[in-house]
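# Structural description and commentary
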Amino acid sequence: MARRNLTRTKMRSLLASLGIVIGVVAIASLGMFGVALQYSFTQNLGNVGNQLTVYPNSGENVTELTERDIRTIRREASATATVSPVKTRVEPVSYNREDEVRETIYGVENPEELYEAKEGRVSPFRSGALVGSSVAEAHDLHPGSQITVNGTSVRIRAVLEEGDAFSPTNPDNRVIVPATSFSQRGYSEVYVMESTGTQANETAMGIRDSLNNREDRVFVQELGSLVDTIEEQFQIINTVLAGIASISLLVAGISILNVMLMSTVERREEIGVLRAVGYQKRDVLKVMLMEATLLGFLGGIAGVILSIGAGLAINHYAVGDAMAVFRLPNAWYVGAAFSFGVLTSIVSGLYPAWKAASEEPVDALRG
Amino acid sequence: MTVIDAQGLVKRYRTGGQTLYALAGIDFALEAGEFVSIMGPSGSGKTTLLNILGLLDTPTEGTVLLEGQDVTGLGDSKRTALRKRTIGFVFQHFYLLPTLTAVENVEVPLLLDSGPQVKKRARTLLERLGLGERLDHKPDELSGGQKQRVAIARSLINSPKVVLADEPTGNLDSETGRQILDEFRRIADEDDVAIVAVTHDDLVNEYVDRTVHLVDGTIGRERKNGG
């Protein structure tokens with residue numbers, strides 16, 4: 001009967017459901033948008049959370065890290081960790097006989113620990129240079145090309161695979177030469193890569209304890225806590241997005257309230273007849289609530305279908321993988337949006353239903 | 001057998017500072033199979049009396065016995081249940097549900113506990129009232145007389161003891177009105193159902209056993225029909 005009653009005022013039911021549809025789509029797709037954003041960001045972050053970088057503290061007149069510091073760091077790091085000391089210096093560099101520019105040159109002993117080659121081979125690395133992909137692209141460099149570093153001609157051994165955008169070890173814009181070609185003894189930074197973020201955190205504290213016990217000799221930069229903060233930020237953004245979306249659901253709820261209220265006014269006499277022929281108050285209540293629930297349910301289903309569609313599009317453009325929409329957090333958002341939609345319509349159907357049920361049949365039939 | 005026995009019915013309405021007597025002491029009894037009309041000018045309390053007899057309303061004073069049971073002080077849900085069991089209603093404006101077919105409209109009172117036998121009974125009733133070919137028509141495909149027949153069938157679906165009709169011929173031309181009154185007469189005689197019709201229409205009086213005239217909430221002259 002509820003179903004029939006809805007088909008009577010098709011247009012109005014449609015509009016009310018549309019409100020729910022929009023609400024559900026808004027919540028679900030904004031939620032999915034947030035998830036996609038977070039996902040693509042985490043992808044860029046990569047293993048940043050597991051990494052830490054140790055710098056000399058120039059404020060305390062420590063300009064470089066000594067071999068002893070390196071040994072201390074290796075001791076503090078866990079057995080599975082990779083510790084890569086790096087030397088840097090600024091030198092005039094010329095690519096393809098262009099004008100010389102001053103660039104930071106990185107000296108690395110075992111580049112295979114940090115990088116993989118896109119073209120060419122990384123190890124053995126005793127001479128020549130490795131360039132990051134951005135550098136290679138900008139100057140059209142390939143393995144075998146020649147560049148000039150500080151007046152000396154150097155052969156490119158390999159172009160490196162792109163790194164994680166936010167990683168301190170990201171090689172994309174770097175020129176790397178063997179550490180042995182550096183005359184200076186000390187190191188300007190040390191990368192430590194642990195297997196987990198928690199381990200990285202412990203190692204960072206260990207390094208601080210042993211190297212900074214008398215004076216602050218080093219900075220230890222760890223991105224793990226940064227990653228946590230970023231994720232918290234994303235949670236907040238998602239909550240705000242969902243909050244905005246629920247406003248639309250609220251509006252939808254009000255429109256259902258309106259539809260149901262109109263229909264109780266319109267069907268006053270009918271409801272009076274129902275009561276007269278022996279329908280109890282709760283029977284009327286049930287019929288009316290059923291109508292509201294049906295509206296919410298249909299709207300919710302349509303909304304879910306639409307938002308999965310929207311999710312496919314969002315993930316296609318934001319993550320580059322449309323199928324990424326079928327991930328757990330998305331399912332959660334869609335489910336929450338759906339149940340929220342149905343709940344909204346039930347709640348907003350409650351008052352009109354109660355109003356319809358509690359009217360005296362005598363009054364209703366008097367017209 | 002007395003189906004309804006109402007004694008000393010008073011219905012007062014308080015509007016502003018004034019007290020309005022819709023009914024001012026009415027005794028009314030109804031036998032099974034009796035067809036009674038209640039006539040009177042507007043505001044004479046006809047509809048109020050009908051509502052009280054139909055357990056839609058409660059009297060301010062007086063008692064109503066339905067099949068010997070005192071139903072005066074019953075609460076809403078008990079009255080509703082009694083209505084469902086023993087009383088059928090026919091209204092001037094038919095009040096059929098526009099989304100349901102004729103059969104479904106007849107089933108409405110028992111729709112929530114409907115079964116195949118309800119559907120069958122609804123069909124039988126409609127066929128008896130000459131609507132056998134219009135079972136699956138929606139109300140807007142039916143004429144006024146046909147709608148009222150559907151409404152009568154609906155009032156009979158629960159095998160009531162009493163059918164209360166409020167201006168049953170009010171929206172019909174006299175030819176159709178006669179047909180409807182014929183139906184009522186037949187139902188009263190064949191099914192032993194008591195029928196009370198509130199009306200302005202003198203036509204009704206040709207069909208009833210007796211007519212009760214209400215004037216200002218009291219019973220005026222009562223006329224028995226011979227036949």
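Procedures and definitions
- Residues numbered from 1 in each chain as written.
- Chains lettered and ligands numbered in written order.
- Predicted model: local features only at pLDDT ≥ 70, side-chain atom pairs only at ≥ 80, totals over all residues.
- Heavy atoms only, no water.
- Pairing = 2+ DSSP bridges.
- Helix = DSSP H or I, 4+ residues; strand = E, 2+ residues; numbered from the N terminus.
- Phe/Tyr/Trp six-rings, centres within 6.5 Å; stacked < 30°, edge-to-face > 60°.
- Salt bridge = Lys/Arg side-chain N within 4 Å of Asp/Glu carboxyl O.
- Buried < 20%, exposed > 50% of the residue type's maximum accessible area, 1.4 Å probe, protein only.
- pLDDT = per-residue confidence, 0-100.
- Contact = heavy atoms within 4.5 Å.
- Expected span 1.5 Å × (residues − 1).

For chain B, the name recorded in an unreviewed UniProt entry is ABC transporter ATP-binding protein, with Haloarcula sebkhae as its organism.

### Focus on the pairing of strand β3 (residues 101-108) of chain A
Residue and element names in this part refer to chain A. Across 8 bridges, strand β2 (residues 82-95) lies against β3 in antiparallel orientation. Residue Val 93 lies in a different strand from β3, and its bridge partner there is Val 101. Here β2 folds back onto β3, and the loop between the two strands holds 5 residues, one of which, Asn 96, carries a positive phi near 50 degrees. Examined bridge by bridge, β3 and strand β8 (residues 175-178) share 4 bridges and lie parallel to one another. Residue Ile 105 lies in a different strand from β8, and its bridge partner there is Val 175.

### As for the packing of aromatic side chains
Following the criterion strictly, the structure yields 6 aromatic pairs over all chains and no others. On the numbers, 5.6 Å between centres and 70 degrees between planes, the contact of Phe 297 of chain A with Phe 338 of chain A is edge-to-face. Residue Phe 297 of chain A is located in helix α8 (residues 281-318), and its partner Phe 338 of chain A is located in helix α9 (residues 328-357); the two are separated by 41 residues in the primary sequence. Here the aromatic residues Phe 89, Phe 91 and Tyr 95 of chain B are joined through ring pairs into a cluster of three or more.

### Structural notes on the pattern of salt bridges
One pass over the structure, following the stated rule, counts 17 salt bridges over all chains. Notably, a salt bridge pairs Glu 91 of chain A with Arg 89 of chain A, separated by 2.6 Å at the nearest N-O pair. Across the salt bridge formed by Arg 186 of chain B and Glu 183 of chain B, the nearest N and O atoms sit 2.7 Å from each other. Of this pair, Arg 186 of chain B and Glu 183 of chain B both sit in helix α6 (residues 174-191), 3 residues apart, which is roughly one turn of the helix. Judged by its relative accessible area of 30%, Arg 186 of chain B is partly exposed. For Glu 183 of chain B, a relative accessible area of 9% puts it in the buried group.

### Looking at the confidence of the model for chain B
Across chain B, the average pLDDT comes to 83, with 96% of residues at or above 70. Interface predicted TM-score (ipTM) for the complex: 0.80; the corresponding pTM is 0.63.

### Some thoughts on the side chain of Thr 53 of chain A
Residues and elements named next belong to chain A. You can see Thr 53 is positioned in strand β1 (residues 51-56). Among the residues examined, Thr 53 registers a relative accessible area of 0% and is labelled buried. Once residues within four sequence positions are removed from consideration, Thr 53 is found in contact with Pro 168, Glu 189, Val 190, Tyr 191, Phe 219, Val 220 and Gln 221.

### Observations concerning α6 of chain B
Between its first and last C-alpha atoms α6 of chain B spans 25 Å; for 18 residues at 1.5 Å apiece the expected length is 26 Å, and the two agree. Where the residues of α6 of chain B are buried, they touch β3 (35-39), β6 (87-90), α4 (116-128), α5 (144-156), β7 (162-166) and β8 (194-198) of chain B.

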